[in-house]
Amino acid sequence: MRSCYGLFICVNKLRNLPEREALRQTLSGVKELSLAYIQIFNDAILHKLLAIMPSLNSLRFVGLNISFHSGPYKKLSTGAQIQPSNGRLTFLYIFQICSELPRLRVLILRRCLAIGNQGVRQVAQLAQLQVLDVSYCYGINGEGILEGITSSKNDNRRELHICELALSERCIIAITENLPELRLLDLSRCFRDILDLCLQYICRNLVRLKKLFLDDYMKVFEGG
């Protein structure tokens, strides 16, 4: 869905419990939700969408910045208080997604510029996640990859898209060691030059890999 402003205003006004329950029954079979470049969107709308679509296993957000509507702070179940910066929700809505959709299998967050390392760390909770795309989320760097996406071994992950992020050699090695079942790895524009050692780890550890994207690399040494 693109630019569906009126639809989301209606969703946000769903305060009547019988209406919400009727809508939940109607949408209970929905498996995939895709939202792109929607300017008017906040955490309350997200919460209600997740509540009326309990069977979601695929979320695709492209160019989405979610605002925080309910005051400067939101208290989480952990007791932590997070203050969003510049009115954009970062950690909180990733926390919400991971908490409410633990069986999620596809999570696309491409070009969601508000997401940073704190948010991507929550992805470690999604043990069944098969496809993750955080390409062009410039708030994410190697620290977030190491502490979130590759913090532990995961044999369910099949695709990882991390285009144009500031990564290190250590990150690539961790990906190959902890995500051994990857079939697709997109590292486009993550380095100016890809190091031989990275390619060696990819070839040695990702034996089931079918697609490797290395767009815009200036140089790959012969030893790789």
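Please read these numbers as outputs of a predicted model, since none were measured by experiment. (Residues numbered from 1 in each chain as written. Predicted model: local features only at pLDDT ≥ 70, side-chain atom pairs only at ≥ 80, totals over all residues. Heavy atoms only, no water.)

## A look at the overall build of the chain
Now for step 1: Across its full length, the chain holds eight helices and 11 strands.
Now for step 2: For the chain, the residues scored as buried account for 47% of the 224 residues in total.
Now for step 3: A sequence separation of at least 24 residues applies to 74% of the contacts in the chain between residues at least 6 apart.
Now for step 4: Carbon and sulfur atoms provide 48% of the accessible area of the chain, an area that totals close to 11,100 Å². (Helix = DSSP H or I, 4+ residues; strand = E, 2+ residues; numbered from the N terminus. Buried < 20%, exposed > 50% of the residue type's maximum accessible area, 1.4 Å probe, protein only. Contact = heavy atoms within 4.5 Å. Areas by Shrake-Rupley, 256 points an atom, 1.4 Å probe, with all protein chains shown as cover.)

## With respect to the packing of helix α6 (residues 142-149) against helix α7 (residues 169-178)
Now for step 1: Viewed as axis vectors pointing N to C, α6 and α7 meet at an angle of 20°, and their least axial separation amounts to 9 Å. For the element pair α6 / α7, the angle class is roughly parallel. The two elements α6 and α7 meet at a crossing, and its hand is left-handed. Across the interface between the two elements, G142, I145 and L146 from α6 touch R170, C171, A174 and I175 from α7. (Axes fitted to C-alpha atoms, helices over the stretch in contact; angles between N-to-C directions. Parallel < 35°, antiparallel > 145°, perpendicular 65-115°, else oblique. Left-handed = near helix turned anticlockwise from the far one by under 90°.)

## Quick look at the pairing of strand β2 (residues 58-62)
Now for step 1: Sheet topology note: the strand β1 (residues 32-36)/β2 ladder contains five bridges and is parallel. Among the inter-strand pairings, S34 is bridged to a residue of β2, identified as R60.
Now for step 2: Here β2 pairs with strand β5 (residues 106-108) via three bridges, running parallel. Along β5, the bridge assignment pairs L59 with L107. (Pairing = 2+ DSSP bridges.)

## Observations concerning the environment of S188
Now for step 1: In this fold, S188 is placed in the loop between β8 (184-186) and β9 (193-194).
Now for step 2: With a relative accessible area of 2%, S188 lands in the buried category.
Now for step 3: When the C-alpha atoms of S188 and D215 are compared, they prove to be 4.5 Å apart, with 27 residues separating the residues in sequence.
Now for step 4: If we ignore the near neighbours within four places in the chain, the residues touching S188 are C163, E164, F213, L214 and D215.
Now for step 5: At a separation of 2.7 Å, a polar atom in the side chain of S188 contacts the side chain of D186. (Polar contact = N/O pair within 3.5 Å; in protein donor to acceptor, adjacent residues only side chain to side chain.)

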